[in-house]
Amino acid sequence: MPPNSKGYRGRLAPSPTGYLHLGHARTFWIAQQRARAHDGALVLRNDDIDARRYKLEFVAAMIEDLRWFGFEWNEGPDAGGPLGPYNQSERFPFYRAALDQLQAGGCIYPCTCSRKDIAAATRAPHATDEDEPIYPGNCRSKLSSTNNFQPATRFNWRFRVPDGETISFRDEHLGPQRFVAGKDFGDFVVWRHDDVPAYQLSVVVDDAAMEINEVVRGADLLKSTARQLLVYQALSLPPQKFFHCPLMTDKAGVRLAKRHDTLSLRKLREGGATPEALRQGW
Ligand SMILES: [Zn+2]
């Protein structure tokens, strides 16, 4: 149990890669309700690390949509706060320090495989569009050093998982969870070849630095939580609690995604919907 001297600290961490939809709003609403129930603080973090995918117009839209829907945060890119900056694009030194620490600890190795190489070496029976194929381990034996590479060599830094080890945690909503490293997921990328930290690293570094003590997010990230617990351990950081929410689906049972334009908060608002009506039954 992490020390809780500051009380409950939760967060909303949207990525500005498109307009927020009703599914995001519902997960965030649960996060806000939990922060309020604990008389705690809510942090808004702009997860704009992936510069290839995000667009500046979406950042402003995101904040506007959140406010319209009734979200209020205590710290954030617009509100400031003691543990900022709250834009991931401004937090590179934190990620770089964590990468150095992982490298010094021998937890990561450079991987030169392309997606094609990995696809060719994996049959990936469990792979779905929500998850990545299990890395076959081609580059595992490489030294945890890049000295033997030509400067132009492109590589990802990959986290070496302890094969066969069970990672278990108790989800605050879904109860006991259990994943086996090397079977449910393989070695994962923590730093991309285009010099961008991967989600699994940036989210751990930020949640720890921002003293978040409960993460509320979608159940599609349960397995990522197991990965991230390994990163916490490797960085000697205490993990927070997790509360994973069931994902919202459309009428056909398909999980909502940013491509569900008609269910974006923008479109719903343009169509005359009110936040109160949209929250009916939540
Ligand atoms: Zn590789």
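Structure shown above.
Reference entry: report on the structure contained in this document. Nothing here was measured: the structure is a model prediction, and the numbers come from that model.

### What to know about the overall build of the chain
Working step 1: Assigned secondary structure in the chain consists of 8 helices and 9 strands.
Working step 2: Within the chain, the fraction of its 282 residues that count as buried is 49%.
Working step 3: Residue pairs in contact within the chain that sit at least 24 positions apart in sequence constitute 76% of those at least 6 positions apart.
Working step 4: Just so you have it, the chain exposes about 14000 Å², and 50% of that area is on carbon and sulfur atoms.

### Structural notes on helix H5 (residues 199–209)
Working step 1: Across the 11 residues that make up H5, a large majority, 8, are buried.
Working step 2: Of the positions making up H5, those classed as buried are Gln200, Leu201, Ser202, Val203, Val204, Val205, Asp206 and Asp207.
Working step 3: On its buried face, H5 sits against strand E1 (9–12), helix H3 (92–104), strand E7 (188–191), strand E8 (214–218) and helix H6 (222–234).
Working step 4: Immediately downstream of H5, the backbone of Glu211 shows phi near 55°, a positive value.

### Comments concerning the coordination of the zinc ion
Working step 1: Within the protein, the zinc ion binds to Cys111 (SG), Cys113 (SG), Tyr135 (OH) and Cys139 (SG); these donor distances fall in the range 2.0 to 2.3 Å.
Working step 2: Each of the 4 donor atoms bound to the zinc ion contributes to angles spanning 100 to 124°, and the resulting shape is tetrahedral.
Working step 3: Look at where the donors of the zinc ion fall in the sequence and you get C-x1-C-x21-Y-x3-C. Of this pair, Cys111 sits in strand E3 (residues 108–111) while Cys139 is found in the loop between helix H4 (115–121) and strand E4 (156–159), placing the two residues 28 residues apart along the sequence. The burial state of Cys111 is the same as that of Cys139; both residues are buried.

### Observations regarding the packing of H3 against H5
Working step 1: Where H3 meets H5, the axes come as close as 10 Å, and the angle between the chain directions of the two elements is 110°. Comparing the axis directions of H3 and H5 gives the class roughly perpendicular. When you trace H3 past H5, the crossing you get is right-handed. In this structure, H3 uses Phe94, Tyr95, Ala98, Leu99 and Leu102 to contact H5, whose residues at the interface are Leu201, Ser202, Val205, Asp206 and Ala209.
Working step 2: For the contact of H3 with H5, a count of residues per class yields 8 nonpolar, 1 polar and 1 charged.

### So, the pairing of E1
Working step 1: Taking every second residue as pointing to the same face, both faces of E1 are buried, with Arg9 and Arg11 on one and Gly10 and Leu12 on the other.
Working step 2: Following the backbone out of E1, through helix H1 (residues 22–37) and into the adjacent parallel strand E2 (residues 41–44), one traces a crossover that is right-handed.

### Observations regarding the packing of aromatic side chains
Working step 1: Across all of its chains, the model carries 13 aromatic pairs by this definition.
Working step 2: Summarising the aromatic geometry, the rings of Phe69 and Phe71 are spaced 5.6 Å apart at their centres and angled 20° between planes, so their arrangement reads as stacked. The burial state of Phe69 is the same as that of Phe71; both residues are buried.
Working step 3: Aromatic side chains Phe155 and Trp157 sit 5.5 Å apart centroid to centroid with 90° between the ring planes, which places their arrangement in the edge-to-face category. Side by side, Phe155 and Trp157 carry an identical accessibility label, which is buried.
Working step 4: Among the aromatic residues, ring-to-ring pairing joins Phe28, Trp29, Trp68, Phe69, Phe71 and Trp282 into one connected group.
Working step 5: Taking NZ or CZ as reference, Arg158 lies 3.9 Å from the ring centre of Tyr135, over its face.
Working step 6: Arg279 extends its terminal NZ or CZ atom over the ring of Trp29, reaching a point 4.0 Å from the ring centre.

### Points about the nonpolar core
The nonpolar side chains of a soluble globular protein tend to be buried, and buried together.
Working step 1: Of all hydrophobic cores here, the largest spans 38 residues; its most connected members are Leu102, Ile108, Phe159, Phe185, Val190, Leu201 and Leu235.
Working step 2: For this core, the elements supplying multiple residues, two or more each, are H3, E4, strand E5 (166–171), E7, H5 and H6.
Working step 3: Top contributing element to this core by residue count: H6, with 6 residues.
Working step 4: When residues no more than four places from it in sequence are discounted, the contact partners of Phe159 are Leu102, Cys107, Ile108, Asp187, Phe188, Val190, Leu230, Val231 and Ala234.
Working step 5: If you look at the next biggest cluster of nonpolar residues, it comprises 26 residues, including Leu22, Phe28, Trp29 and Leu268.

### So, the sheet that holds E3
Working step 1: Read from one edge of the open sheet, 3 strands run E3-E4-E7, paired in antiparallel fashion. The sheet is open, and its two edges are formed by E3 and E7, each paired on a single side. Taking each pair of neighbouring strands and ignoring which way they run, the sheet shows an average axis angle of 45°.

### Structural notes on the environment of Pro82
Working step 1: Here Pro82 shows up in the loop between helix H2 (56–69) and H3.
Working step 2: Classification of Pro82 as exposed rests on a relative accessible area of 68%.
Working step 3: Counting along the chain gives 128 residues from Pro82 to Met210, while the straight-line C-alpha distance between them is 8.8 Å.

Thresholds applied
- Residues numbered from 1 in each chain as written.
- Predicted model: local features only at pLDDT ≥ 70, side-chain atom pairs only at ≥ 80, totals over all residues.
- Heavy atoms only, no water.
- Helix = DSSP H or I, 4+ residues; strand = E, 2+ residues; numbered from the N terminus.
- Buried < 20%, exposed > 50% of the residue type's maximum accessible area, 1.4 Å probe, protein only.
- Contact = heavy atoms within 4.5 Å.
- Areas by Shrake-Rupley, 256 points an atom, 1.4 Å probe, with all protein chains shown as cover.
- Donors = N, O, S within 2.8 Å, 3.2 Å for Na, K, Ca; no water.
- Tetrahedral: all angles 85-135°; square planar, octahedral: opposite > 155°, others 65-115°.
- Axes fitted to C-alpha atoms, helices over the stretch in contact; angles between N-to-C directions.
- Parallel < 35°, antiparallel > 145°, perpendicular 65-115°, else oblique.
- Left-handed = near helix turned anticlockwise from the far one by under 90°.
- Nonpolar A, V, L, I, M, F, W, Y, C, P; charged D, E, K, R; others polar.
- Right-handed = clockwise from strand over helix to strand, strands pointing away.
- Phe/Tyr/Trp six-rings, centres within 6.5 Å; stacked < 30°, edge-to-face > 60°.
- Lys NZ or Arg CZ within 6 Å of the ring centre and 35° of its normal.
- Core = buried A, V, L, I, M, F, W, Y, C linked by side-chain atoms within 4.5 Å.
- Pairing = 2+ DSSP bridges.

That's the geometry; what it means functionally is another story.
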